[in-house]
Amino acid sequence: MPNAVRSDFDFCNSPAREDWEGHGIPDFVYGQKELTREGIQWPRTAPSLPDTLPLSRFDSELCSAWRQRMELGLFRYRLGELQTQTLPGPMGFVAQLNVERGVQRRRPQNIRSVRQAFDPEEFNFNKIRPGEVLFPLRAGLEAVLLSSHPGFRVGFNSLGGLASVNHLHLHGYYLPHRLPVEGAPSEPLDPGGRLHLLQAVPAPGFLFYTRGPGPDLEALISRVCRATDYLTAREIAHNLFVTRGAPPGKTSFSSTLTGVRVILWPRKSSFGVKEREAFNVALCELAGHLPVKTPQDFSSLNEAAALALIQDCLLPPAQAEEVRAALVALTAQEEQ
C-alpha cells in the first residue's frame, strides 16, 4: 500500500518571489519497499554534500526541491558550505560556524510553558506560503528510512526545549559527519531490552532502537509517544533525535548503520534565546552537532566548554532518577 508522506518539516519561512497560490504541492507517495532497512554506511571519506552519495528517490526529490526554492529566494539566507571542525577530545563534537543562522533566524515566540496553548494568531506552519513547502511528509521515522544518506537526521524540540514556534513540527537535515550518538554504548533499563540509557555521550539520554519497518517500528513509535506524553504532562521539556545507528549495547565503531536510533533527552526548561552563549542547546547540540554563532566562539570553543553548556541544561540528579523510574515503569506496562 503506497503512503503519502505528511509531516511538517521546518525548512524555510521567508517571503516568496512568486505567487504560489494555485500551484498544488504534490504528495511524496511511496511504498514500504522504499524504506531502506540495511546497507546504509559511511564511506571511508566523509562526503561534503548530500548528493555525493548514492541517493534514494526521497533524497533526490528533497534536495532538488530545496535547491529550487533557494534559487527562487524563499530562504532567509543562503546555506552554503559551512566551516566545520571536530573538537579534540573523546566526545567527537562536530562544530560548524553558521553566523547567518544566529542573525537571520526568526525570533522565537514568547514561550512560557511546556504545555502552552496553541495561538493561531501567532506565526505557525499553517501560515507559510505554498512555495515554501518542499513536499508534504507523513512521519519522521519513516523519513529517515526513506533516505539512503547516513547523515540524514530528524529531530524535535518541545516547548521549553528551545522550540521557537508553538506548533508541532519536526526538523530534518543532512549532516555529512558522524555523531557520537550513532554508536555510543548503552545500558538496558528493562529485561526486554526496549529501553536503554545512552552513555559516553555529551548528555545521557533514553535510547529506543528499531532495525526497520514492521511491527517493531510501530511498537517503538508507541513507546516514544508514551514517554513524551509523560514528560509533557509533567511540564518537563525534552528534545528528540532520530538517526541511523548501531544496535544498543557496547560501543560500535562500524561504518555500517544497521537500524534507527531514537534518543530522548528530558532537560531543564529554557525559555528565550541566550544570545551570549556560543550555541543554544537543543536537539542538534545534545547529539553532538554544534552550530556556532560567531567566528570568535568558533575559534575558541573546546570540548570542556561545550560540555559545560550542554550539561547545564540537564535535569538535577534526583529529578532525572524520578523520570528514569517512570519511563521504565511505562515500558513494563507493555507486558501487562
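Residues numbered from 1 in each chain as written. Predicted model: local features only at pLDDT ≥ 70, side-chain atom pairs only at ≥ 80, totals over all residues. Heavy atoms only, no water.

This is how it is decided: UniProt positions are given in the numbering used here, feature names are shortened, and annotations may be inferred rather than shown by experiment.
In the annotation of an unreviewed UniProt entry, the protein is listed under the name GDP-D-glucose phosphorylase 1 and assigned to Myotis brandtii. Recorded in UniProt for the protein, the comment headed Subcellular location (unreviewed entry) runs: "Cytoplasm". Recorded under Function (unreviewed entry), the UniProt text for the protein is reproduced unchanged: "Specific and highly efficient GDP-D-glucose phosphorylase regulating the levels of GDP-D-glucose in cells."

**Concerning the sheet that holds strand S12 (residues 289-292)**
Our working definition: Pairing between two strands is assigned when DSSP locates at least 2 bridges connecting them. The numbering of helices and of strands both runs from the N terminus, where a helix is a DSSP run of H or I of at least 4 residues and a strand a run of E of at least 2. Fitted lines through C-alpha atoms serve as axes, helices being fitted only where they are in contact, and the angles separating the N-to-C directions of these axes extend from 0 to 180 degrees.
If you walk across this open sheet you meet the 3 strands as S3-S4-S12, and the pairing is mixed. Where the open sheet ends on each side, the last strands, each with one partner, are strand S3 (84-86) and S12. Between one strand axis and the next, the sheet turns by 20° as a mean value, whatever way the strands run. One ladder, built from 3 bridges, connects S3 with strand S4 (residues 94-97); its direction is antiparallel.

**Quick notes on the sheet that holds strand S6 (residues 171-174)**
Rule in force here: Pairs of residues are marked as contacts when any of their non-hydrogen atoms sit within 4.5 Å.
Here we have 7 strands laid out as an open sheet, ordered S6-S5-S10-S11-S9-S8-S7, and antiparallel in their pairing. Since the sheet does not close on itself, it has two edges, and those belong to S6 and strand S7 (186-188), each with one partner. Each neighbouring strand pair of the sheet contributes to a mean axis angle of 25°, computed without reference to strand direction. Across the sheet, helix H8 (residues 317-332) touches S7, strand S8 (196-198), strand S9 (206-210) and strand S11 (259-267), and the angle it forms with S9 is around 30°.

**Let's talk about the nonpolar core**
To be explicit about the condition: We call a set of buried Ala, Val, Leu, Ile, Met, Phe, Trp, Tyr and Cys residues a nonpolar core when their side-chain atoms join them within 4.5 Å. Here the term buried applies to any residue with accessible area under 20% of the maximum for its type, exposed to any over 50%, and partly exposed to those in between, with areas from a 1.4 Å probe on protein chains only.
Counting residues in hydrophobic clusters, the biggest one holds 39 residues, and the most contacted among them are Phe58, Phe152, Phe206, Phe208, Val262 and Leu327. In terms of nonpolar packing, the next biggest core, distinct from the first, is built from 34 residues, Ala184, Ile263, Leu286 and Leu301 among them.

**Here we look at the packing of aromatic side chains**
The criterion, for reference: In summary, the pairing rule links any two rings of Phe, Tyr or Trp, Trp by its six-membered ring, whose centres are within 6.5 Å, and it sorts them by plane angle into stacked for under 30 degrees, edge-to-face for over 60 and tilted for everything else.
If you walk through the whole model with that rule in mind, you get 4 aromatic pairs. Ring plane angle 75° and centroid distance 5.6 Å describe the contact between Phe58 and Phe152, whose orientation is recorded as edge-to-face. Residue Phe58 is found in helix H1 (residues 57-71), and its partner Phe152 is found in strand S5 (residues 152-157); the two are separated by 94 residues along the sequence. Like Phe58, the residue Phe152 is buried in the burial classification. On the numbers, 4.9 Å between centres and 50° between planes, the contact of Phe152 with Tyr174 is tilted. Remark: Tyr174 occurs in strand S6 and Phe152 occurs in strand S5; sequence separation between them is 22 residues. For Phe152, a relative accessible area of 0% translates into the label buried. Residue class for Tyr174 comes out buried when judged on its relative accessible area of 17%.

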